[in-house]
Amino acid sequence: EAFDAGAYYEKNCSSCHTIGKGDDVGPDLKGVAERRTKEWLVRFLSNPAHDDFYMSNNDRMPAFGKRGPGPTIQPLLSAEEVELLAKWLRGEKLE
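## Details of the packing of helix α1 (residues 5-12) against helix α4 (residues 79-90)
Here's step 1: The N-to-C vectors of α1 and α4 enclose an angle of 90 degrees; their axes lie 9 Å apart at closest approach. Classed by the angle they form, the pair α1 and α4 counts as roughly perpendicular. Between α1, through A5, G6, Y8 and Y9, and α4, the contact on the second element is made entirely by L84, L85, W88 and L89.
Here's step 2: Taken together, the residues of the contact of α1 with α4 break down into seven nonpolar, one polar and no charged.

Here it is, written out as structure tokens:
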């Protein structure tokens, strides 16, 4: 079955993030394409506890692609699925 990034967002992200309705538990993701590259989003979604991001202080943003400090979404997404989610968040065409 093909990965549906929009449905995945609704199930796993929308409880903390909005798109265009203001900050919630996490920041509003509207305009993320103007603020972050796809590569940055892939790295962040994969492992927000990486030294470039929250480090070991991560207590909220779950890792989607790698186990580490902080919460982890189960099951982990494949690298391809993380990239599709990043593209979807940026409003890019998914193939």
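## Re the packing of aromatic side chains
Here's step 1: The tally for this structure, following the rule as stated, stands at five aromatic pairs.
Here's step 2: For the pair Y9 and W88, a centre-to-centre distance of 5.2 Å together with 35 degrees between the ring planes defines the contact as tilted. Here Y9, found in helix α1, pairs with W88, found in helix α4; they are 79 residues apart in sequence, far enough to count as distant.
Here's step 3: What links up through ring pairs into an aromatic cluster is the set W40, F44 and F53.
Here's step 4: Directly above the ring of W40 sits R36, whose terminal nitrogen or CZ lies 4.1 Å from the centroid.

## A word on the confidence of the model for the chain
Here's step 1: Predicted confidence across the chain gives a mean pLDDT of 85, with 87% of residues reaching 70 or more.
Here's step 2: For the chain, helix α3 (residues 38-46) is the element with the lowest average pLDDT, namely 90, and α4 is the one with the highest, namely 93.

## Comments concerning the pattern of salt bridges
Here's step 1: Within this structure, the stated rule accounts for three salt bridges.
Here's step 2: Here R43 and D52 are joined by a salt bridge, their closest N and O atoms 2.3 Å apart.

How each quantity is defined
- Numbering of residues begins from 1 in every chain and follows the order in which that chain's sequence is written.
- Confidence filtering applies because this is a predicted model: local features only for residues at pLDDT of at least 70, side-chain atom pairs given and counted only at 80 or more, and all residues used for totals across whole chains, interfaces and linings.
- Working from all heavy atoms in the structure, the side-chain values ignore hydrogens and water.
- Throughout, an axis means a line fitted to C-alpha atoms (over the contacting stretch in the case of helices), and angles, computed between N-to-C directions, take values from 0 to 180 degrees.
- Only runs of H or I of at least four residues qualify as helices and only runs of E of at least two qualify as strands under DSSP, and these elements are numbered from the N terminus.
- In this scheme, roughly parallel covers angles under 35 degrees and roughly antiparallel covers those over 145, while 65 to 115 is roughly perpendicular and the rest are oblique.
- When checking whether two residues touch, look at their non-hydrogen atoms; a contact exists if any pair is within 4.5 Å.
- Ten residues, namely Ala, Val, Leu, Ile, Met, Phe, Trp, Tyr, Cys and Pro, are considered nonpolar, four, namely Asp, Glu, Lys and Arg, are considered charged, and the remaining ones, Gly among them, are considered polar.
- Each aromatic pair joins two rings of Phe, Tyr and Trp (for Trp, the six-membered one) with centres within 6.5 Å, and gets the label stacked for planes under 30 degrees apart, edge-to-face for over 60, and tilted for any other angle.
- Put simply, a charge is over a ring when the Lys NZ or the Arg CZ is close to the ring centre, within 6 Å, and near the line of the ring normal, within 35 degrees.
- Per-residue confidence from the predictor is reported as pLDDT, which spans 0 to 100.
- When a carboxyl oxygen of Asp or Glu is within 4 Å of a side-chain nitrogen of Lys or Arg, the pair counts as a salt bridge.

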